[in-house]
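One letter stands for each residue in the lines below.
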Amino acid sequence: EAGVAQSPRYKIIEKRQSVAFWCNPISGHATLYWYQQILGQGPKLLIQFQNNGVVDDSQLPKDRFSAERLKGVDSTLKIQPAKLEDSAVYLCASSSRTFTDTQYFGPGTRLTVL
Amino acid sequence: AQSVTQPDIHITVSEGASLELRCNYSYGATPYLFWYVQSPGQGLQLLLKYFSGDTLVQGIKGFEAEFKRSQSSFNLRKPSVHWSDAAEYFCAVDPSNTGNQFYFGTGTSLTVIP
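Quantities reported herein were computed from a predicted structural model and do not represent experimental measurements.

Caption draft 1: Structural context of the interface of chain A and chain B. Listed as interface residues are 20 residues of chain A and, on the opposing side, 20 residues of chain B. For the pairing of chain A and chain B, the buried interface totals around 1500 Å² over both sides, and the portion due to carbon and sulfur atoms is 58%. The tally of links between chain A and chain B comes to zero salt bridges. Run the count over chain A and chain B and you get one residue pair in polar contact (both at pLDDT 80 or more). Counting residues per element, the ones that place at least two in the side of chain A that touches chain B are strand E4 (31–37), strand E5 (44–50) and strand E6 (53–56) of chain A. Taken together, the residues of the side of chain A that touches chain B break down into seven nonpolar, eleven polar and two charged.

Caption draft 2: Quick peek at the sheet that holds strand E8 (residues 75–79) of chain A. Residue and element names in this part refer to chain A. Taken in spatial order, the four strands of this open sheet run E1-E3-E8-E7, and their pairing is antiparallel. If you trace the sheet from one side to the other, it starts and ends with strand E1 (5–7) and strand E7 (65–68), each paired once. Between one strand axis and the next, the sheet turns by 15° as a mean value, whatever way the strands run. By the bridge criterion, three bridges tie E1 to strand E3 (residues 19–24) in an arrangement that is antiparallel. The residue of E3 that forms the bridge with Ala5 is Asn24.

Caption draft 3: Summary view of the pairing of strand E9 (residues 88–95) of chain A. Residue and element names in this part refer to chain A. Here E9 lies mainly inside the structure; eight of its eight residues are buried. Neither face of E9 is exposed, since Ala88, Tyr90, Cys92 and Ser94 on one face and Val89, Leu91, Ala93 and Ser95 on the opposite face are all buried. With seven bridges joining them, E4 and E9 adopt antiparallel strand pairing. Each residue of the ladder has a partner; that of Thr31, found in E9, is Ser95. Where E9 and strand E11 (residues 109–113) come together, three bridges link them in antiparallel fashion.

Caption draft 4: Local environment of the pattern of salt bridges. Inspection of the entire model under this criterion finds six salt bridges over all chains. For Asp86(A), the salt bridge is made with Arg64(A), and the minimal N-O distance between the two is 2.5 Å. Here Arg64(A) lies in the loop between E6 and E7 and Asp86(A) lies in the loop between E8 and E9, a separation of 22 residues in the sequence. We note that Asp86(A), like Arg64(A), is buried. Among the salt bridges present, the one from Asp8(B) reaches Arg22(B), with a minimum N-O distance of 2.9 Å. Note that Asp8(B) is positioned in the loop between strand E1 (3–5) and strand E2 (10–14) and Arg22(B) in the loop between strand E3 (19–21) and strand E4 (24–26), a separation of 14 residues in sequence. For Asp8(B), a relative accessible area of 18% corresponds to the buried category. Overlapping salt bridges bring together Glu64(B), Glu66(B) and Arg77(B) as one network.

Caption draft 5: Summary view of the environment of Ala86(B). Residue and element names in this part refer to chain B. Topologically, Ala86 is positioned in the loop between strand E9 (73–78) and strand E10 (87–94). What makes Ala86 partly exposed here is its relative accessible area of 28%. Placed 27 residues apart in sequence, Ala86 and Ile113 show a C-alpha to C-alpha distance of 9.1 Å. The contact partners of Ala86, leaving out residues within four places of it in the chain, are Pro40, Leu110 and Val112.

Reading the values: rules and limits
- Residues numbered from 1 in each chain as written.
- Chains lettered and ligands numbered in written order.
- Predicted model: local features only at pLDDT ≥ 70, side-chain atom pairs only at ≥ 80, totals over all residues.
- Heavy atoms only, no water.
- Contact = heavy atoms within 4.5 Å.
- Buried area = accessible area lost by both parts, 1.4 Å probe.
- Salt bridge = Lys/Arg side-chain N within 4 Å of Asp/Glu carboxyl O.
- Polar contact = N/O pair within 3.5 Å; in protein donor to acceptor, adjacent residues only side chain to side chain.
- Helix = DSSP H or I, 4+ residues; strand = E, 2+ residues; numbered from the N terminus.
- Nonpolar A, V, L, I, M, F, W, Y, C, P; charged D, E, K, R; others polar.
- Pairing = 2+ DSSP bridges.
- Axes fitted to C-alpha atoms, helices over the stretch in contact; angles between N-to-C directions.
- Buried < 20%, exposed > 50% of the residue type's maximum accessible area, 1.4 Å probe, protein only.

Written out as structure tokens, the structure is:
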């Protein structure tokens, strides 16, 4: 069974530029999560999708971050415009249904904002 | 404020010694509780989880955790540590008990010395 795929693995941009990350969850998993992990901290949940609907995005900075999961499968997280403090690893995870089911994490995208 | 706390930033143990990693939470009700491991170059992996019932939970890789309501704690233990256990360990909680919220602690870095 293929795991959670993410791309790109690394990205370096200048502040005020835009960037997008892509995630393809495990086949059949209804729930998809995006996390931000700043160096030295635990992951912070940004947004949770159930199929193509948003379950929780209370910690997503909506003035600059957006995410979509149009067909209930893969997802894109966008930052526009990026700030220095957005430098982090962005993790995608998926599970069959909710947190009560095991979440499987992708390798992450390391973003550096200069 | 509601939170999940891992008091130990870094722990060093000898191979073969026992291990205990601490996790405390401050929520009104008992949240769902989880332990994850993040090894260098690898994604986050679920070790074990607690929802209700038996307060001693068995997980993968020989780990176990004990929920103590009176202490608001969910400490992770392993009787004999292997060099491959060197990693970052995260405690996480779902205070909503619905699978729709998720908060990680700041992590404990484990070093294993021969």
